[in-house]
Protein chains: 2
Amino acid sequence: MKVAKFGGSSVASAEQFRKVAHIVQSDVERRIVVVSAPGKRYKTDTKMTDLLIQIGEAVVRGEAYEHVLEAVIERYADIARGLELSASKLMEQIKADLRQKIENYRHDRDRLMDALKASGEDNNAKLMALYLQSIGLNAHYVSPLDAGIFVTDEPGNAQILQESYKKLQQLKHRSGVLVIPGFFGYSLTGHIVTFPRGGSDITGSIVAAGVGADVYENFTDVDSIYCVNPSIVENPRQLKEITYREMRELSYSGFSVFHDEALEPVYKARIPVCVKNTNNPEAPGTWIVAHRDHRDEPVAGIASDTGFCSINVSKYLMNREIGFGRKLLQILEDEGISYEHTPSGIDNMSVILRANQLEGGKEQRIIDRIQTELQVDDIQIEYGLALIMVVGEGMERAVGVAAKATAAFAKANINIEMINQGSSEVSMMFGVKENVVDQAVRALYEAYFHSKQPLS
Amino acid sequence: MKVAKFGGSSVASAEQFRKVAHIVQSDVERRIVVVSAPGKRYKTDTKMTDLLIQIGEAVVRGEAYEHVLEAVIERYADIARGLELSASKLMEQIKADLRQKIENYRHDRDRLMDALKASGEDNNAKLMALYLQSIGLNAHYVSPLDAGIFVTDEPGNAQILQESYKKLQQLKHRSGVLVIPGFFGYSLTGHIVTFPRGGSDITGSIVAAGVGADVYENFTDVDSIYCVNPSIVENPRQLKEITYREMRELSYSGFSVFHDEALEPVYKARIPVCVKNTNNPEAPGTWIVAHRDHRDEPVAGIASDTGFCSINVSKYLMNREIGFGRKLLQILEDEGISYEHTPSGIDNMSVILRANQLEGGKEQRIIDRIQTELQVDDIQIEYGLALIMVVGEGMERAVGVAAKATAAFAKANINIEMINQGSSEVSMMFGVKENVVDQAVRALYEAYFHSKQPLS
């Protein structure tokens, strides 16, 4: 069986609903459908989730929200009308349910937000089930509570509980097509709790792992995953196959197609993922698998991300001082700061981290503590760093991979601020100034992929 | 004024003593001479220091040592005879002094070793002073106690005390040529304590800093410092100039010409160092200075060292776990282990360290603790790693430096296990398997220096 998850743009309108129905009908193996909330229909459109957040914020501030609530209902009603569905009963239900949630959680901002946001997916799943039934499918809405998606009780940051998987397994034995809303689960105390970013992907992945699906299909609005961000390189190469490890490194460092946290359940259960296009389901898509033949393709992709900074400390004979690095990391930990990398020289150590973590006075506190407690000769914070990750299973044993990258930088006259290679077997990291990062990515793309034809 | 330090081979025989005297006579600015113990005269010769260690070990084991003590005296007597010196009184003094030391410290191994080893330099300085006087120089032996070299009281690992510098300053006002033994100082409780490896270099550097010398001359047995180890590359390029930072990185990672710890006092006092050849004092030698023009020569040298290992741990979503790296380093610190570098990926972290630190059961204890306390998915220790350091002031802004190195590796078909660049402004580090390290160094030498003529 297949678990098919449809992203926001795939379920944004009646037209998109029809495409989804067509996809579901065309393969009897597609027995579980996970849906997002309606996304944008056009560039300046507002996502359902954002409307719901507006309601929540108005409630918290004690402001009027009825007009936004009407807009929410109208959005669903518009889809229903376009599908020629009699959905007035569902619309009444949705309205009543939203009012109930507002009433229940009026004084608990986090719970209110989670409940309202989750309703976007929840009601869309109900509408999808109704539509699939209307065209003759034996479809059923299944709530996450009924399915068995139990999560930790931290609003906005739910983590799946292991006991869920046993319950989810039973979904296999249900008949027909099951429509499950993405993005949220239930805590053991009965509260709705949403997953972190990429939430619907996470639901799909959990359900696929739970039922032991043959494949987890992730329907989105692109034909495939590209080897590099298409907003940086025009019409870049499409990936036919990529491994879990490659996907994870790429997602972490800037690829937004498939969120890294969503990969864990299918990775552990070794369920292949296929990323496909709702608007062009005939395209083969990109397969995310455990192994690929990487002899001809040592590099799978190039990702980049900005907004990093480097804390650079130097101290003569630092290298002789047992505990120096540990103490420096302890100071960051005390401030709740996570870091990416720690390149070091004999008398120097740098810590690369996301710059936004140093806001709110943390920067000065950290500088002061490092100066006072570690007696360094010098400390400087360098902002405006970008990290570029070259990712590929063939990296570890491909002698020329590093040479190709550094030659590309040299040719483009781009200075490398940092290189980190050696721990991960599938990636190599470069640090450059933010203002040259796109240029650097293009130079790397040129070096690794230029001479090759895009795969059909 | 100049402080001139002469290494073991420069003071190993009567012939070498004559060369030293000639060097001292040829420049009235050479007012302070620091001497090592007699080194090897030929390849299979035994160094004075090793004879003294033999005595110490025999004493500790309660074995006979008289014959070794005679060999020690004979070594000095041989030099004296060759210089046609009447030194029988000094020989009697040396013998009595050694017996006294053995008596005093018979039951304290560390003190005994320090006192005996230090006597090698001490008595050689006395002999040198006697010889310089005999040829008409106004020369005086000055003991480190008299000079004011006060150190911490840790046998074999003395660190200079800051109060020394005030006392040392007064040496400037003494007349004639002062001959000071290298390698040791006195603790505030009056004990002889030796410096760590490179001890005579340290004494010379401290004295040069103390008197504010115009230059610290370090006489050895090579015409200059080479840009790479001459036992790996035949007849390599000589360095005319190198900065303190470059020298320190090179010394740390395998260059034995000038010990890194010896650099600190002159580095802080900004006193230029000139490394010269006792056997060819006309050669210009290598200058170690604060700044050099590195536009044409971004790279100064290539050093390598073997005997490293890498502890590689991986854990899914490691990157989300604040404190992971700190805890890992804490475990190593608890075992008193120092590390070199910590390259990291998203789900991986490696710690590079000297492999001999894992002996004596530490390896298993560390593996157990990392597994138990950090719940890693995998931990492996990879032995047989070598580190190669490419060092140069022009590194930071020279776009092509990394490209040249990685291209050289690729051309030589050598796999790079690790690259660490970015924290130090003057070095770039590569990890390779030990069995290809010499080949890798030769490939790098070829890439950076081949087309250039050796400097005269």
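Residues numbered from 1 in each chain as written. Chains lettered and ligands numbered in written order. Predicted model: local features only at pLDDT ≥ 70, side-chain atom pairs only at ≥ 80, totals over all residues. Heavy atoms only, no water.

Novice: So what's going on with the environment of Q371 of chain A? Which residues, and what values?
Specialist: Residues and elements named next belong to chain A. Mapped onto the elements, Q371 comes out in helix 12 (residues 362-374). Here Q371 falls in the partly exposed class, since its relative accessible area comes to 40%. Q371 sits 58 residues away from V313 along the chain, and the two C-alpha atoms are 9.3 Å apart. Aside from chain neighbours lying at most four places away, what touches Q371 is V376 and I379. (Helix = DSSP H or I, 4+ residues; strand = E, 2+ residues; numbered from the N terminus. Buried < 20%, exposed > 50% of the residue type's maximum accessible area, 1.4 Å probe, protein only. Contact = heavy atoms within 4.5 Å.)

Novice: I'd like a description of the pairing of strand 6 (residues 184-187) of chain B, backed by residues and values.
Specialist: Residues and elements named next belong to chain B. Note: strand 4 (residues 150-151) against strand 6, two bridges, orientation parallel. Directly across from F150, in strand 6, lies its bridge partner Y186. Pairing of strand 6 with strand 7 (residues 192-194), which is carried by three bridges, proceeds in the antiparallel orientation. In the sheet register, Y186 faces strand 7, and the bridge partner there is I192. As consecutive antiparallel partners, strand 6 and strand 7 are separated by four residues, and within that stretch G190 has a phi angle of approximately 90°, a positive value. (Pairing = 2+ DSSP bridges.)

Novice: Pulling in residues and values, what's your account of the relation of the copies chain A and chain B?
Specialist: Both copies of the chain are tied together by a single rotation about an axis and a shift running along it. Mapping chain A onto chain B calls for a screw motion: a turn of 180° about the axis and a shift of 0.1 Å along it, with 0.1 Å RMSD after fitting. Those values place the two copies in the arrangement expected of a two-fold rotation axis. Comparing interface residues between copies, 100% of those in chain A also lie at the interface in chain B; the contact surface is shared. (Least-squares fit on C-alpha atoms with pLDDT ≥ 70 in both.)

Novice: Quick rundown of the pattern of salt bridges? Include the residues and the values.
Specialist: Enumeration over the complete set of coordinates arrives at 64 salt bridges over all chains. With a closest N to O distance of 2.5 Å, R30 of chain B and E217 of chain B form a salt bridge. A residue pair is termed long-range when its members are at least 10 positions apart, and R30 of chain B in strand 2 (residues 30-35) and E217 of chain B in strand 8 (residues 215-220) qualify at 187 residues. Just as R30 of chain B is buried, E217 of chain B falls in that class too. Here D45 of chain B ties to R41 of chain B by a salt bridge, and the two come within 2.7 Å at their closest N and O atoms. Note on D45 of chain B: relative accessible area 8%, which makes it buried. Of the residues examined, R41 of chain B reaches a relative accessible area of 36% and is grouped as partly exposed. Beyond isolated ion pairs, a larger network of salt bridges with shared partners links R41, D45, E74, R75, D78 and R81 of chain A. (Salt bridge = Lys/Arg side-chain N within 4 Å of Asp/Glu carboxyl O.)

Novice: I'd like a description of the environment of A118 of chain B, backed by residues and values.
Specialist: Residues and elements named next belong to chain B. In this fold, A118 is placed in helix 5 (residues 109-134). According to the relative accessible area criterion, A118 is buried, its value standing at 1%. As for A118 and P181, which are separated by 63 residues in sequence, their C-alpha atoms are 8.4 Å apart. Not counting residues up to four positions away in its chain, the partners in contact with A118 are F183, F184, I192 and T194.

Novice: Account for the interface of chain A and chain B, naming residues and giving values.
Specialist: Listed as interface residues are 59 residues of chain A and, on the opposing side, 59 residues of chain B. Summed over both sides, the interface between chain A and chain B buries roughly 5300 Å², with carbon and sulfur atoms accounting for 49% of that surface. For the pair chain A and chain B, the interface holds four salt bridges. With a shortest N-O distance of 2.6 Å, R326 of chain B and E333 of chain A are connected by a salt bridge. (Buried area = accessible area lost by both parts, 1.4 Å probe.)

Novice: Can you break down the packing of aromatic side chains residue by residue, with the values?
Specialist: The description of an aromatic ring pair uses the distance of the two centres, along with the angle that the planes make with each other. Residue and element names in this part refer to chain A. According to the stated counting rule, one finds 12 aromatic pairs over all chains in the structure shown. Centre to centre, the rings of F6 and F219 are 4.7 Å apart; their planes meet at 15°, and the pair counts as stacked. Remark: F219 occurs in strand 8 (residues 215-220) and F6 occurs in strand 1 (residues 2-6); sequence separation between them is 213 residues. Accessibility classification places F6 together with F219 in one group, the buried group. (Phe/Tyr/Trp six-rings, centres within 6.5 Å; stacked < 30°, edge-to-face > 60°.)

Novice: So, helix 13 (residues 401-411) of chain B: which residues are in play, and what are the values?
Specialist: Among the residues of helix 13 of chain B, V401, A402, A403, A405, T406, A408 and F409 of chain B are the ones counted as buried. On its buried face, helix 13 of chain B sits against helix 13 (401-411) and strand 15 (418-421) of chain A together with strand 14 (378-391), strand 15 (418-421), strand 16 (427-433) and helix 14 (437-449) of chain B. Positive phi shows up at N413 of chain B, right after helix 13 of chain B, with a value of about 60°.

Novice: Break down unusual backbone geometry for me, with residues and values.
Specialist: For N413 of chain A, which is not glycine, the phi dihedral falls at a positive 60°. Examined against the element boundaries, N413 of chain A turns out to sit in the loop between helix 13 and strand 15. Looking at N413 of chain A, the relative accessible area reads 60%, which means it is exposed. One non-glycine residue, E84 of chain B, adopts positive backbone phi at about 55°. The class of E84 of chain B is exposed, set by a relative accessible area of 71%.

Novice: Describe the packing of helix 11 (residues 324-334) of chain B against helix 12 (residues 362-374) of chain B, naming the residues involved and giving the relevant values.
Specialist: All names here are of chain B. One can describe the packing of helix 11 onto helix 12 by two numbers: an axis separation of 10 Å at closest approach and a directional angle of 150°. Taken together, the axes of helix 11 and helix 12 are roughly antiparallel relative to one another. When the axes of helix 11 and helix 12 are compared, the crossing they make is right-handed. Each of F324, K327, L328, I331, L332 and D334 in helix 11 lies in contact with helix 12, whose residues at this interface are I366, R369, I370, E373 and L374. Residues of the contact of helix 11 with helix 12, tallied by class, amount to seven nonpolar, no polar and four charged. (Axes fitted to C-alpha atoms, helices over the stretch in contact; angles between N-to-C directions. Parallel < 35°, antiparallel > 145°, perpendicular 65-115°, else oblique. Left-handed = near helix turned anticlockwise from the far one by under 90°. Nonpolar A, V, L, I, M, F, W, Y, C, P; charged D, E, K, R; others polar.)

Novice: I'd like a description of the sheet that holds strand 3 (residues 139-141) of chain B, backed by residues and values.
Specialist: All names here are of chain B. Read across the open sheet, the eight strands follow the order 3-5-2-1-8-10-11-9; overall the sheet is mixed. What marks the edges here is a single partner per strand, and that holds for strand 3 and strand 9 (241-243). Shown here is a sheet whose adjacent strand axes are inclined to one another by a mean of 20°, direction ignored. Sheet topology note: the strand 1 (residues 2-6)/strand 8 ladder contains five bridges and is parallel.

Novice: Let's hear about helix 9 (residues 244-252) of chain A: which residues, and what values?
Specialist: Of all nine residues in helix 9 of chain A, eight are buried, a share of seventy percent or more. At the exit of helix 9 of chain A stands G254 of chain A, carrying a positive phi of roughly 130°.

Novice: With reference to specific residues and values, describe the domain arrangement of chain A.
Specialist: Partitioning chain A into domains gives domain 1 (2-221) and domain 2 (301-449). The gap between the C-alpha centroids of domain 1 of chain A and domain 2 of chain A is 39 Å. (Domains from an automatic or database assignment.)

Novice: Got a sec to walk through the sheet that holds strand 13 (residues 348-354) of chain A? Specific residues and values, please.
Specialist: If you walk across this open sheet you meet the 10 strands as 13(A)-12(A)-14(A)-16(A)-15(A)-15(B)-16(B)-14(B)-12(B)-13(B), and the pairing is antiparallel. The sheet is open, and its two edges are formed by strand 13 of chain A together with strand 13 (348-354) of chain B, each paired on a single side. When the angles between neighbouring strand axes are averaged without regard to direction, this sheet yields 30°. Examined bridge by bridge, strand 12 (residues 301-314) of chain A and strand 13 of chain A share seven bridges and lie antiparallel to one another. Across the sheet, the residue bridging to V313 of chain A is M349 of chain A, located in strand 13 of chain A. Each of strand 12 (301-314) and strand 14 of chain B touches helix 12 of chain B; the most contacted strand, strand 14 of chain B, lies at about 110° to it.

Novice: Describe in detail the side chain of S350 of chain A, supporting the description with residues and values.
Specialist: In this structure, S350 of chain A sits in strand 13. Look at S350 of chain A and you get buried, because its relative accessible area is 1%. Within the structure, the side chain of S350 of chain A is placed 2.8 Å from the side chain of N312 of chain A, a separation counted as a polar contact. Among all residues touching S350 of chain A, those that are not within four sequence positions of it are S310, I311, N312, H341, T342 and P343 of chain A together with G422 and S423 of chain B. (Polar contact = N/O pair within 3.5 Å; in protein donor to acceptor, adjacent residues only side chain to side chain.)

Novice: An account of the environment of P144 of chain B is needed here, citing residue identities and associated values.
Specialist: Residue and element names in this part refer to chain B. For P144, the position within the fold is in helix 6 (residues 144-147). Taking C-alpha positions, P144 is 40 Å from E234, a pair spaced 90 residues apart along the chain. With residues near it in sequence (within four places) discarded, P144 still touches D122, I149, P181, F184, G185 and Y186.

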